[in-house]
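Residue-level listing of the chains:
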Amino acid sequence: MKQIAIKIDALSFEYQNYKILDNISFEINNGDYIGLIGPNGGGKTTLLKLITGLIKPQKGRIRIHGLAPEKACQKGQIGYVPQRIVQTNIQCPATVEEVVTSGRIHLGQSNKAIENAMLDADVEKFRHRSLDSLSGGEKQRVFIARALVSNPSILILDEPTTGVDAQATKNFYALLKDLNQWQKMTIIIVSHDIEAVAKEVDSVLCLNRELISTCKHEGMKHTSEEIFKALYGSEKTIIHHHHHV
Amino acid sequence: MVQRKQLFTTITMFEIFHYDFMVRAFIAGFIIAVIAPLVGIFLVTRRYSFMADTLAHTSLAGVAAAFLFNLNPIFAAMTLSIITALSVEKLRSSGKVLGETGLAIFLSGGLALASVLISASKGINLNLSSVLFGSIATVTTMDLDLILALGIVVLMIVISIYHQLFAISLDEELAIVSGLPVKKLNQTLVILTAIIVSLSMIIVGILLVGALMVIPVLAAMQFKRSFFQTTIIAIFIGIFSVISGLFTSYYLGWASGGTITLIAIAIFFFSSFGCQLCRSR
């Protein structure tokens, strides 16, 4: 039986009397590969920020391997790639190696972990290059390496393919698949690109302030129309796949 | 004959060190030249460059209060700038105001308070020009001891949390998820800034304190090196600007703060132009 990686109980969050998340409960098991989809303002980023401890829940409870998010972060259990990181023009002069190393300061320097993270994300060859000399796809891989350097059990990515070209996106999904299959990493990926996500992940969480549905690939074809109507207010096309994980 | 002339020039050049006040100015200047860009790089990379200027303006209020109530000017300036620094940081982290906009309130407030206190201290001997633009002749032995002691403390703290400060400069959210105590690190950074501002005002003056923390860093950033190398280059530019600025200031009788800042700006333009030229080849 799989162990629970993330457990969310009756989670609610509102901002200036506007309900962003309303009484959400779900569980994610170790080794799951989850796509989180929903419209703009549907609460996807807020949910990720709550899971990563960046904001605190007003109601409800989040547990990461039985720990509060802040504690899980301190133990390096969560690797996070935020939404804007690839597009942001970071003013900080830094080499790839410095960026990756900064992901495990509190855990102590480990050259092996740094080398492995850079090899996994395929950024080792430009480790001495400055961050602002890299393309969007290369930058994205650097921040994935940074997220991997603390050897996290959970990897969370918020719209990571925005601003990244098609080939880099393809390579990126291949990397995630490897991490999930070979390192048994739990992955949550938020994306607007429903079709791409549906092709890659094992399960989809559909969120529009409240949790509309959770579905496995096998169940997607039965639920799609109602879910997407509820999510987006109009029908969307989704590609159905049967994955063998 | 040529050798004699060279020897004479050397003696004249180092005649400056026959005066105790110049020796004090050079030692104090050197310490500030090291610690100002060292902390300044974290302000620049976090788009917080105006923090130093804001704290400098509140330091002026501190100096005016010190003259009015007969207190030590550096301590008064430091206390007021630490209070301001922590308030600015609290306002910023609360999200009530965006980034540097919060600084505007404290910058104007500091200057307003200073002008009220200066007008209230009529007849008190406050040399406003040296406070505003810096004066190499005003570094006392007590000032030097304070700059030396606090300079070493600042240096030790920055060295011990350098990597953490780099992580928050790169991205604050990522640093939080990496388990770093970001709130405490931010508070430490602004307190260090407040201390440096108060210590630097004697040499470069209140109006130009920010320049010493920011311009050497901007000049160093033109070289597009690693964060660590940029820090080291910025410190060297800071040291060169201060030392050459103090020499020039002494021999030409110019205000030390203005001279140091102009040299730092010249280095910025040279490095910017030079690096652009190298990259285009």
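Residues numbered from 1 in each chain as written. Chains lettered and ligands numbered in written order. Predicted model: local features only at pLDDT ≥ 70, side-chain atom pairs only at ≥ 80, totals over all residues.

Caption draft 1: Focus on the overall build of chain A. When helices and strands are counted, chain A shows 8 helices and 9 strands. Taking all 245 residues of chain A together, 47% fall into the buried category. Taking the intrachain contacts of chain A between residues at least 6 apart in sequence as the baseline, contacts between residues at least 24 apart amount to 69%. (Helix = DSSP H or I, 4+ residues; strand = E, 2+ residues; numbered from the N terminus. Buried ≥ 20, exposed ≤ 12 C-beta atoms within 10 Å, placed from the backbone. Contact = placed C-beta atoms within 7 Å.)

Caption draft 2: The arrangement of the sheet that holds strand β1 (residues 4–15) of chain A in detail. Residue and element names in this part refer to chain A. Strand order in the open sheet formed by 3 strands is β2-β1-β4, with antiparallel pairing between adjacent strands. Each edge of the open sheet is held by one strand with a lone partner, namely β2 (18–29) and β4 (59–64). Put simply, the sheet's adjacent strands are angled 15° from each other on average, direction ignored. Looking at chain direction, β1 and β2 are connected through 8 bridges and run antiparallel. Looking at β2, one finds that Y15 is bridged to Y18. Against the sheet, helix α1 (residues 44–51) contacts β1, β2 and β4, and its axis sits at roughly 120° relative to β1. (Pairing = 2+ DSSP bridges. Axes fitted to C-alpha atoms, helices over the stretch in contact; angles between N-to-C directions.)

Caption draft 3: Examining the interface of chain B and chain A more closely. With 22 residues of chain B in contact, the opposing surface of chain A contributes 24 residues. Of all the elements in the fold, those that place two or more residues in the side of chain B that touches chain A are α7 (141–170), α8 (172–177) and α11 (227–252) of chain B. Counting residues per element, the side of chain B that touches chain A draws most heavily on α7(B), which supplies 6 residues. By residue class, the composition of the side of chain B that touches chain A is 9 nonpolar, 8 polar and 5 charged. (Nonpolar A, V, L, I, M, F, W, Y, C, P; charged D, E, K, R; others polar.)

Caption draft 4: Representation of the confidence of the model for chain A within the structure. When pLDDT is averaged across chain A, the result is 81; 82% of the residues are at 70 or more. pLDDT under 50 marks residues 234–245 of chain A. Its contacts with residues more than four places away, or in other chains, come to 25 contacts. (pLDDT = per-residue confidence, 0-100.)

Caption draft 5: Molecular detail of the pairing of β1(A). Residues and elements named next belong to chain A. Here β1 folds back onto β2, and the loop between the two strands holds 2 residues, one of which, Q16, carries a positive phi near 50°. Where β1 meets β4, 5 bridges bridge the pair, whose relative direction is antiparallel. Along β4, the bridge assignment pairs K7 with R63.

Caption draft 6: Quick look at the nonpolar core. Grouped together as the largest cluster of nonpolar side chains are 160 residues, with contacts concentrated most on A145(A), I32(B), V39(B), I196(B) and V209(B). Excluding residues within four positions of it along the chain, A145(A) makes contact with V100(A), A117(A), M118(A), D120(A), A121(A) and V123(A). (Core = buried A, V, L, I, M, F, W, Y, C linked by C-beta atoms within 7 Å.)

Caption draft 7: Seen up close, the environment of G35(A). Checked against the element boundaries, G35(A) lands in strand β3 (residues 33–37). The exposure class of G35(A) is buried, given the 22 C-beta atoms found within 10 Å.

Caption draft 8: How the structure looks around the packing of helix α2 (residues 20–45) of chain B against α11(B). Residue and element names in this part refer to chain B. Taken N-terminus to C-terminus, the directions of α2 and α11 make an angle of 150°; their axes are 8 Å apart at the nearest point. Between α2 and α11, the crossing angle belongs to the class labelled roughly antiparallel. Considering only the axes of α2 and α11, their crossing is right-handed. Across the interface between the two elements, M22, A25, F26, G29, F30, I32, A33, V34, A36, P37, L38 and I41 of α2 pack against T230, T231, A234, I235, G238, I239, S241, V242, I243, L246 and Y250 of α11. Along the lines of polarity and charge, the residues of the contact of α2 with α11 split into 18 nonpolar, 5 polar and no charged. (Parallel < 35°, antiparallel > 145°, perpendicular 65-115°, else oblique. Left-handed = near helix turned anticlockwise from the far one by under 90°.)

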